[in-house]
Amino acid sequence: MPRGKIGRPTELFIDGDWIEGSGKVEVINPATEEVLGLTSEGSAKQAEEAVLAARKAFDEGSWSRLTGCERGELLNRLADLFETHKDEIIEVLISEIGAVRAQAEMLHFNMPLGQLRWWAEQAEQFEYRELMRLADQRGEGRIGTPEVRKEPVGVVSAITPFNFPWSLGIWKLGPALAMGNTMVLKPSPYTPTSSLIHAQLLAEAGLPAGVFNVVTGGADVGETLTTHPGVDMVTFTGSDTIGRQVGAQATGHLKKVVLELGGKSPNIVFEGSKLDPIVSHQIFQFTAQAGQGCSLNTRLLVQRSIHDEMVERVCGALAHFKVGDPNDPTSMMGPLIREVQRQRVERYVREGLEAGAKVAFGGGRPPGLDRGYYVEPTVLTGVKNDMAVAQDEIFGPVLCVIPFDDKEDAIRIANASRYGLAASVWHPDPTEAYSVAARLRAGSIGVNGGGGGSPESPYGGWKDSGIGVENGKYGLHEYVRLKALSYPAGGA
Ligand code: NAD
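Owing to the predicted nature of the structure, the values given are computational and were not obtained by experimental measurement. All residue numbers here refer to positions counted from 1 along the written sequence of the relevant chain. Per-residue local features of the predicted model are confined to residues with pLDDT of at least 70, and side-chain atom pairs are confined, for both listing and counting, to 80 or more; whole-chain, interface and lining totals are unaffected and use all residues. By convention in this description, side-chain values take in all heavy atoms of the structure and omit both hydrogens and water.

Draft legend 1. Here's a closer look at the nonpolar core. Among the buried residues, those of types Ala, Val, Leu, Ile, Met, Phe, Trp, Tyr and Cys that are joined through side-chain atoms within 4.5 Å form a nonpolar core. Exposure is judged per residue with a 1.4 Å probe applied to protein chains only, and the accessible area is read against the type maximum: over 50% gives exposed, under 20% gives buried, and values in between give partly exposed. Residues Phe-82, Leu-177 and Phe-212 are the most contacted members of the largest nonpolar core, which totals 58 residues. Each helix is a run of H or I in the DSSP string that is no shorter than four residues. Each strand is a run of E no shorter than two, and both are numbered from the N terminus. Elements with a contribution of two residues or more to this core: α2 (68–84), α3 (86–97), α4 (101–137), β6 (155–159), α5 (165–178), β7 (182–186), α6 (193–205) and β8 (212–214). Per-element tally for this core: the top contributor is α4, with 9 residues. Core analysis: the next-biggest nonpolar cluster, separate from the first, contains 55 residues, Val-349, Ala-357, Ile-394 and Ala-410 among them.

Okay, here's the thing in structure tokens:
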């Protein structure tokens, strides 16, 4: 790979080398439907080669035995390289994912950059805290108290979805590498370039060969990565449908598993709340990344007394909402990833209407956009919580508005979902807001406007939204395993 500009890497990255895949896949710009280029597609055999490279790097290489400070330094060098190449990376995110420019910068690029630097710091502090803890342990406790070491898990297979390939790749490589693991990353065939850039810049930052490998491809590659005996842990982000398969594949081979899956998160609004910030929050929460976000609040639960006013305000604000070319800085929402996704969204809206819902805004394709997989932001009223449109993750900009009577009703409807990824609560009385939040069965709750995004926040789904967590110290602990060392009573 040439130095200087990063370009658009297209080959697999295995054991420190760029390798031609066994096939090719067209990478498409969802805003124009144009082919951006061909990227190598790996085979199951190449996935196995990558696993063996990661295994060798873990068992025989230096990475897992470096100090946390050394690993942290490398991750900081990687973060520096991301900053150096920021403009080029943003162009890739806009053209490949269809992210509008402001969101490409904030959500896709800046937020995970901050998290990467946080993990770099954690690599250093983790070791320091462990040393302090072990020092404290000496001579304390009952005779025979073991010394507990935290060690890297080993070889990690990481699989990511199409919607946030840059940040979710970082969510996996940051903590996995900080803790001394080696890994193979498989991105979605729709959006492979982010992970290949990660590989390119990790190599430039000085990561030893074999520690980080990328194999693009589909289910056959994913299956090898989740079942191969050389893999110790699988971390998957994607739909609950594929997540179930991945979980079965991986646990069938007794691997440690983290699954970050879908959601259908509620935004619960009680009467007496100040509506202006809630309207802005709600619009962002179903249109960001064209509604293709796992934790987006796509069910608006609103107290009956303010239902009509809230619908009117949301629809009023949407009248000024611009859908269009993600490169145009005035665009607020870009396209869906592919035609098949657009058809899925349109089918759900159609079926919602057949079931009795009404369109309060949108419902079709934006006028004047003949190329690209665009749909209008769509607000549905008259939705019952048991309709498919309110239960399934549509993964498009469709908001289901559902009225509730009182606190108990709101909590019941919010929890009547197979998902439990996120939620928001707005109540004029902060104590009441807190008490509702405490009873929601979901992993991340915004209370009266609180937003996620802190690297300290653990992020993980309850129920069908997943197993385990990412981010924060708890997320870091997913990438270590415990070892108890016991000494004879008289000391070692
Ligand atoms: P998907 O489940 O279709 O695919 C995810 C990944 O799994 C892709 O890389 C795909 O190639 C791979 N895959 C497919 N079959 C496989 C198999 N048998 N074994 C191993 N890997 C296999 O998801 P998608 O459509 O790319 O992304 C959208 C989904 O991701 C949504 O459900 C969304 O909620 C979810 N998501 C969750 C989070 C989270 O943190 N909870 C974040 C982003 C996206």
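Once you've had a look at it, read on.
Draft legend 2. How the structure looks around α3. For α3, which comprises 12 residues, the first-to-last C-alpha distance of 16 Å matches the rise-based estimate of 16 Å (1.5 Å per residue) to within 8%. Most of α3 is tucked away: 9 of the 12 residues are buried. Among the residues of α3, those classed as buried are Glu-88, Ile-89, Ile-90, Val-92, Leu-93, Ile-94, Ser-95, Glu-96 and Ile-97. Expected helix span is computed as 1.5 Å times (number of residues minus one).

Draft legend 3. Structural detail: the pattern of salt bridges. Whenever a carboxyl oxygen of Asp or Glu lies within 4 Å of a side-chain nitrogen of Lys or Arg, that contact is scored as a salt bridge. The tally for this structure, following the rule as stated, stands at 29 salt bridges. Taking the shortest distance from any N to any O, the salt bridge between Arg-347 and Glu-351 comes out at 3.7 Å. Of the two residues, Arg-347 and Glu-351 both sit in helix α11 (residues 339–354), 4 residues apart, roughly one turn of that helix. Residue Arg-347 is classed as partly exposed on the basis of its relative accessible area of 32%.

Draft legend 4. Examining empty space enclosed by the protein more closely. Cavities and pockets were defined on a 1 Å grid built from protein atoms only: a cavity is a group of points that admits a 1.4 Å probe but offers it no way out, a pocket is an open group of points flanked by protein on both sides within 12 Å along at least five of seven lines, and a lining residue is one with an atom within 4 Å of any such point. Grid points are joined across faces, edges and corners, and a volume is the space filled by probe spheres set on the points. For the structure on display, the rule yields 3 cavities of 30 Å³ or more. Contributing to the lining of the largest cavity are 15 residues, with Pro-266, Ala-414, Tyr-419, Ala-422 and Ala-442 lying nearest its centre. Breaking the lining of the largest cavity down by element, the ones donating at least two residues are β11 (265–269), α13 (407–415), β16 (419–420) and β17 (422–426). Classifying every residue of the lining of the largest cavity by side-chain character gives 8 nonpolar, 4 polar and 3 charged. Approximately 70 Å³ is the volume attributed to the second largest cavity. Together, Gly-263, Lys-264, Gly-291, Gly-293, Cys-294, Leu-296, Thr-298, Glu-393, Ile-394, Phe-395, Gly-396 and Val-398 line the second largest cavity. Asp, Glu, Lys and Arg are counted as charged, while Ala, Val, Leu, Ile, Met, Phe, Trp, Tyr, Cys and Pro are counted as nonpolar; the rest, among them Gly, fall into the polar class. Here the lining of the second largest cavity is built from residues that sort into 5 nonpolar, 5 polar and 2 charged.

Draft legend 5. Structural detail: the packing of aromatic side chains. Side-chain rings of Phe, Tyr and Trp (the six-membered ring for Trp) are treated as a pair once their centres are within 6.5 Å; stacked means planes under 30 degrees apart, edge-to-face means over 60, and tilted covers the remaining angles. Taken as a whole and assessed by the stated rule, the structure comprises 7 aromatic pairs. On the numbers, 5.0 Å between centres and 65° between planes, the contact of Phe-270 with Phe-404 is edge-to-face. With Phe-270 in the loop between β11 and α9 (275–287) and Phe-404 in strand β15 (residues 398–404), the pair connects residues that are 134 residues apart, well separated along the chain. Assessed through its relative accessible area of 3%, Phe-270 is described here as buried. By relative accessible area, which is 0% here, Phe-404 ends up buried.

Draft legend 6. Inspection of the packing of α9 against helix α10 (residues 307–318) at higher detail. A fitted line through C-alpha atoms serves as each axis, taken over the contacting stretch for helices, and the angle formed by two N-to-C directions is quoted from 0 to 180°. Interhelical geometry of α9 versus α10 gives an angle of 60° and a closest axis separation of 10 Å. Put simply, α9 runs oblique to α10. As α9 packs across α10, the resulting crossing turns out to be right-handed. Taking contact as the criterion, the partners of Leu-275, Asp-276, Ile-278, Val-279, Ile-283 and Phe-286 in α9 are, on α10, Glu-309, Met-310, Arg-313, Val-314, Ala-317 and Leu-318. In this scheme, roughly parallel covers angles under 35 degrees and roughly antiparallel covers those over 145, while 65 to 115 is roughly perpendicular and the rest are oblique. Left-handed describes a crossing whose near helix is turned anticlockwise from the far helix by less than a right angle; the clockwise case is right-handed. Should any heavy atoms of two residues lie within 4.5 Å, those residues are counted as being in contact.

Draft legend 7. Expanded view of the pairing of strand β3 (residues 23–28). When DSSP finds two or more bridges between two strands, those strands count as paired. Bridge analysis of β3 against strand β4 (residues 35–41) gives 6 bridges, and the strand direction is antiparallel. Across the sheet, residue Lys-24 finds its bridge partner in β4, namely Ser-40. Counted along the chain from β3 to the antiparallel partner β4, the turn is 6 residues long, and its residue Glu-33 has a positive phi close to 70°.

Draft legend 8. Highlighting the sheet that holds β15. The 7 strands lie next to each other as β13-β14-β15-β12-β11-β17-β18, forming an open sheet whose pairing is mixed. Unpaired on one side and paired on the other, β13 (358–361) and β18 (444–447) mark the two borders of the sheet. Each neighbouring strand pair of the sheet contributes to a mean axis angle of 25°, computed without reference to strand direction. Relative to strand β14 (residues 378–381), β13 runs antiparallel, the two sharing 3 bridges. Counted as the bridge partner of Val-359 is Leu-380 from β14. Relative to the sheet, α11 contacts β13, β14 and β15, its axis offset from that of β14 by approximately 20°.

Draft legend 9. Representation of the site of the ligand in the model. Definition of nearness: a residue and a molecule or strand are near each other if at least one heavy atom of the residue lies within 4 Å of the molecule or strand. The local shell around the ligand holds 29 residues, among which Thr-160, Lys-186, Ser-239, Leu-261 and Glu-393 are the closest. Counting of polar contacts relies on pairs of N or O atoms within 3.5 Å, with two restrictions inside protein: one atom must be capable of donating a hydrogen and the other of accepting it, and residues adjacent in sequence are counted only when both atoms are side-chain atoms. In this structure, Phe-162 approaches the ligand through a main-chain N or O atom, which is 3.1 Å from an oxygen atom. When residues in the shell around the ligand are grouped by element, the largest group, 4 residues, is from helix α8 (residues 240–252). Residue composition of the shell around the ligand, grouped by class: 15 nonpolar, 10 polar and 4 charged.

Draft legend 10. Just the packing of helix α7 (residues 219–227) against α8, in detail. Running from N to C, α7 and α8 point in directions that differ by 35°, and their axes come no closer than 8 Å. Where α7 abuts α8, its residues Gly-222, Glu-223, Thr-226 and Thr-227 lie against Val-246, Gln-249 and Ala-250. Each residue belonging to the contact of α7 with α8 can be placed in one class, and the counts come to 2 nonpolar, 4 polar and 1 charged.

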